[in-house]
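Residues per chain are reported as follows:
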Amino acid sequence: MKSAKNVFISGGIALTAILSVAPTLNAQDPGRTPVPANRLFPTGNVIFFHPDGAGINHWNTARLYFKGPDSYLNYDLLPNMAVYRGHMVNTVIGTSNGGATTHAFGFKVDGYGSFGKDGDGGVTPPTDVFINSLSGYSGSIMRQSANQGMPVGVVNDGNIGEPGTGCFLAEVRNRGNWQEIARQMIQGRPNFTDTRPWVIMGGGEADTLPSGTTLLHRNHNQERGQALNSTTSLRSDSINLEADWDTQVIGGLPSPANLVNVNGGTDIAAIGTDNAIVIKTRAQFDALVTALNNNATYAPRVLGLFAFQDMFNDRNEEDLIARGKSTADPVNFVGPVNNTNLGVRSKASRIILWGDTAGNPGHNAPTFAQMTDVAIKILDRAAKAQANVNNRRFFLVAEQEAVDNFGNNDNAVGMLHAMADTDKAIGVARTFQAANPRTLILTAADSDAGGMQVAAPYRDNVDGGPVEAAGGTVIPGPINTSSITTNPAFLNLGQFYFGFNSNNAAGSTNLPNIADGLEGRGQSGTTGGTLMFLSEPDGFGQKMEFGISWAGSGDYTGGIISRASGLNAGLLNSVFSARFDNIDVYRMMHTTLFGQLLNYPTGVQGAR
Amino acid sequence: MKKSYQAAWCIGAIIAAAAPKATAVTTIATNDAFDLAAAFAPVPGDATVTGNFVEVSGASQTGSFTDGDGSIGFSSGIILSTGDVSGIGIGAGPSLSTGFGGTPSVSTSSLLNQIPGLGSFYSDAARISLTINPGLVSGFVNFSFAYLTSEISPADKFGIFMNGAYAGNINGITIDQEHPWISTSVPDLGFTQALYLNGNPLNPLFFILSLEVPSPGVNFDVDFVIADVFGDGVDTAVFLGGFSATETALGVVIPEPSTSALVALAGLAWLRRRNRQ
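Residues numbered from 1 in each chain as written. Chains lettered and ligands numbered in written order. Predicted model: local features only at pLDDT ≥ 70, side-chain atom pairs only at ≥ 80, totals over all residues.

**A closer look at the overall build of chain B**
- Per the secondary structure count, chain B includes five helices and 14 strands.
- Buried residues in chain B amount to 55% of all 277 residues.
- Excluding contacts between residues fewer than 6 apart, the proportion of contacts in chain B whose partners are at least 24 apart in sequence is 82%. (Helix = DSSP H or I, 4+ residues; strand = E, 2+ residues; numbered from the N terminus. Buried ≥ 20, exposed ≤ 12 C-beta atoms within 10 Å, placed from the backbone. Contact = placed C-beta atoms within 7 Å.)

**Considering the overall build of chain A**
- Counting its secondary structure elements, chain A contains 13 helices and 22 strands.
- Counting the 608 residues in chain A, one finds 57% classified as buried.
- Across chain A, every contact between residues at least 6 apart in sequence was considered, and the portion connecting residues at least 24 apart equals 69%.

**Points about the sheet that holds strand 21 (residues 561–566) of chain A**
- With mixed pairing, 10 strands are arranged side by side in an open sheet as 8-9-5-4-10-2-11-21-3-22 (chain A). Every interior strand has two partners, whereas the edge strands, strand 8 (276–279) and strand 22 (580–581) of chain A, have only one. (Pairing = 2+ DSSP bridges.)

**Re helix 3 (residues 33–40) of chain B**
All names here are of chain B.
- Most of helix 3 is tucked away, with six of its eight residues classed as buried.
- Taken together, the buried positions of helix 3 are occupied by Ala33, Phe34, Leu36, Ala37, Ala39 and Phe40.
- Buried-residue contacts for helix 3 involve strand 2 (48–56), strand 3 (62–66), strand 4 (77–81), strand 5 (122–133) and strand 13 (236–246).

**With respect to unusual backbone geometry**
Residue and element names in this part refer to chain A.
- Each neighbour pair has its own omega, and for Thr124 with Pro125 the value is -5 degrees, a cis peptide bond.
- On the secondary structure map, Pro125 appears in the loop between helix 3 (96–105) and helix 4 (141–148).
- Not every positive phi belongs to a glycine, and Asn364 is a case in point at roughly 55 degrees.
- Structurally, Asn364 can be placed in the loop between helix 9 (317–322) and helix 10 (368–384).
- Using a count of 18 C-beta atoms within 10 Å as the deciding quantity, one classes Asn364 as partly exposed.

**With respect to the confidence of the model for chain B**
Residues and elements named next belong to chain B.
- Scored by pLDDT, chain B has a mean of 76; 70% of the residues are at 70 or more.
- Per-residue pLDDT, averaged within each element of chain B, yields its smallest value for helix 1 (residues 2–8) (35) and its largest for helix 3 (97).
- Confidence drops under pLDDT 50 across residues 1–21; counting only partners more than four residues distant or on other chains, this segment forms 36 contacts.
- This stretch, residues 260–277, has a pLDDT under 50; its non-local contacts, to residues over four places away or in other chains, come to 22 contacts. (pLDDT = per-residue confidence, 0-100.)

**Section: the nonpolar core**
- One finds A:Ala375, A:Leu379, A:Leu396 and B:Val238 to be the most contacted residues of the largest nonpolar core, which totals 209 residues.
- For this core, the element with the most residues is helix 12 (residues 412–435) of chain A, which contributes 11 residues.
- Split by domain, the residues of this core number at least three in each of domain 1 (45–334 + 352–452 + 555–594) and domain 2 (453–549) of chain A.
- Apart from the residues lying within four places of it in its own chain, the contact partners of A:Leu396 are A:Ile47, A:Phe48, A:Gly153, A:Ala375, A:Ile376 and A:Leu379. (Core = buried A, V, L, I, M, F, W, Y, C linked by C-beta atoms within 7 Å. Domains from an automatic or database assignment.)

**So, the sheet that holds strand 14 (residues 252–254) of chain B**
All names here are of chain B.
- Here we have seven strands laid out as an open sheet, ordered 1-3-4-13-6-11-14, and mixed in their pairing. Either end of the sheet is taken by a strand with one partner, and the two such strands are strand 1 (26–29) and strand 14. Direction aside, the axes of adjacent strands within the sheet are offset by 30 degrees on average.
- Judged from the four bridges that link them, strand 3 and strand 4 form a sheet pairing that is antiparallel. (Axes fitted to C-alpha atoms, helices over the stretch in contact; angles between N-to-C directions.)

**Concerning the packing of helix 10 of chain A against helix 12 of chain A**
All names here are of chain A.
- Interhelical geometry of helix 10 versus helix 12 gives an angle of 25 degrees and a closest axis separation of 7 Å. For the element pair helix 10 / helix 12, the angle class is roughly parallel. Judged by the twist between their axes, the crossing of helix 10 over helix 12 is right-handed. The segment helix 10 lies against helix 12, with Phe368, Ala369, Thr372, Asp373 and Ile376 engaging Asp421, Thr422, Lys424, Ala425, Val428, Ala429 and Phe432.
- Classifying every residue of the contact of helix 10 with helix 12 gives seven nonpolar, two polar and three charged. (Parallel < 35°, antiparallel > 145°, perpendicular 65-115°, else oblique. Left-handed = near helix turned anticlockwise from the far one by under 90°. Nonpolar A, V, L, I, M, F, W, Y, C, P; charged D, E, K, R; others polar.)

**Considering the confidence of the model for chain A**
- Across chain A, the average pLDDT comes to 85, with 80% of residues at or above 70.
- pLDDT under 50 marks residues 486–502 of chain A. Its contacts with residues more than four places away, or in other chains, come to 31 contacts.

**Observations concerning the pairing of strand 12 (residues 220–229) of chain B**
Residues and elements named next belong to chain B.
- In terms of residue burial, strand 12 counts as a mostly covered element, since eight of its 10 residues are buried.
- For strand 5 and strand 12, the ladder comprises nine bridges, and the chain directions are antiparallel. Looking at strand 12, one finds that Ser123 is bridged to Asp228.
- Alignment of strand 7 (residues 157–162) against strand 12, held across six bridges, turns out to be antiparallel. Each residue of the ladder has a partner; that of Ile160, found in strand 12, is Phe224.

**Some points on helix 2 (residues 56–66) of chain A**
Residues and elements named next belong to chain A.
- For helix 2, the set of buried residues is His58, Trp59, Thr61, Ala62, Arg63, Leu64 and Tyr65.
- Where helix 2 is buried, its residues touch helix 11 (401–408), helix 12, strand 13 (453–455), strand 18 (533–534) and strand 19 (543–549).
- Immediately downstream of helix 2, the backbone of Gly68 shows phi near 105 degrees, a positive value.

**Observations regarding the pairing of strand 5 of chain B**
Residue and element names in this part refer to chain B.
- Burial analysis of strand 5 places 11 of its 12 residues in the buried class, the great majority of the element.
- Summarising the sheet, strand 2 and strand 5 pair through eight bridges and their orientation is antiparallel. By the bridge assignment for strand 5, Thr50 is matched with Thr131.

Written out as structure tokens, the structure is:
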């Protein structure tokens, strides 16, 4: 029989036990729990990196190659992470245009044609419709931010109108509408009085000058169906977007019409005094950097156009070499020129992966990391100068398109250097964040380009001992990629090729061998292969070889990890730990820019 | 029960500052979780404190304070109030009473419901959610705490929550809505009008509380929640600051709620076994 005392004690303990177990709503999936309207999140800058096509496999390989298997990238130092889901309304694979539209608007859309809208205006009958963003705003989160008064900017090492940046500023019928995408990005959307972005940098001069105008940059990658090395504008109208940018009215006053971009004439001296500039060359970019360094408050509106179309050369290695996109520059490249050279393998490739060849205006264009650095610097200054305290934060979307396009051309060394460039840009952002902690850095790709994997040689393929003269021991001995023998089937699905002997760049030929080495798989018609990649030392001081094989040349679902640091980054590991998809990218950015975590629109498509 | 409370809090009473000369505290209303976390933990050391979000009915229910040495007992930190923090320290009246009238979210109400006591109709709730990374070395996170009110019996609810569970178990006793620090039956620990006279906090007892770190190096969430019960008038405020992380506790230990639950369940099982014998 229980004593009265025991009843009291046990009852009290039981109460304590019950009360100590936390009841939580939807604890297994908090990201889909309705968010109280009175829940206020801290606000600040948002830097969104979209390393297009970068799965965790790409990051792991970049780490091997540039840092070593036991070291870390800047990407690794972003402490919060979640697995990203990129499916669309009608496809399980995230598309560049559909994914970017979802990132920008917060609704899942038609994956095939959507570009700032939902649906495809290029099919019969057209299905494209305008949509508001999840917040209810008539436009993307970047338009909402800019029109509220926050400085916004985009950086892309592809055409500025690539979906990863273009969908944040343009609403068009189909991603092929390059002219209108560029026009909306620079001048604003039809029937809206949009505030211009503060910074736009990338490629795409082909769409910014009136019809018939001779451009500064040539079409050296044979793109857009145009003749190789053509220099004629692709606009079909008389709009001069560069002059429009250069003379834009700021604060009620027109900017001086310095036109620093005038073809054949470079008014570099004007940079530093002009508050709206157009730049197109390395020299002009460097002049801008100097002006920024010399004047702590200088924050001009910058339109950078460093290429006819894309800043990178998205062809496979063999094709680039065949087209003369290579150099024997001993300063920048020391290493194998052919399969018999067993010299020290340099990280620098002799293949020109970005920009035009020497002597042309597009040569040695600024890197993605350098453009990101300048963009952050300018946007930060512009934000801090805003009169309204609620607008003293900025929004930057930075897309390294090269990861995706090199992956889609099975160019391993190009992909690796694109990853390194992205990682440097993340390092730039981390440095900024250290001094400006009210900043969210968020990364998300929408697909896995090429489905790359690291292939390492088997022990019985080792054909030599450690031979590298400098830089440490090589394990195993150096061999070339022809010794990697796993060979998937070849399947041509029209737009993309799944399997090997694939090459979808215009005018290039099929290739042998399963895996890419330093210079691809070897020249067409041979089975010689090229030297394998060599990792940086591991924890034992050893370097190891590897090749890179591809599932094909398409965009795949793959394995994508979103990482983040700084303001509200913890949401990835708490609210979004169970599910994080492309809509949640929008929700995290909205939370940080506007202080509200919006409810997830389960099963709801956007409308306007 | 009040006697037990007195025993439980005797350590805190010892820690409580000798009454310094009262001077006006300076408050700044803000509901920015980033700023509030920085004010709560200005020098967190190896540990880090991240401000996740704030929930309020009125925009001025949360804020930071400075110049608290002569009135609160510690110099700076943050305030959560069921009223307007801007009224604190300015001699606004015989008692502070601001009613915003809003009801808390379901999730905040579920936290408040874990606090034993009367009533489940809440208004003017203020909540700040923090994530603490304690570092690998620390076993406890410590902070200064003071409670001031113009309301008593039934008192407004205030609770500390670790990973969503009420951290109100101190020395084996679950603190209920009638907090010991406002008990009229406990001499020198109890509520008096002087505590909030004319809106001026005067010499409240402050305690250093030490939360037991659930697992070294692993983030855990801490929510501070305060709310009116049975009506939105007459205010209560808590002052929190001086966060630190240490190997040993600097103040009154509050064990991890899940641990206390396990201890309680184990105790229950032991009693059942004993009763069967």
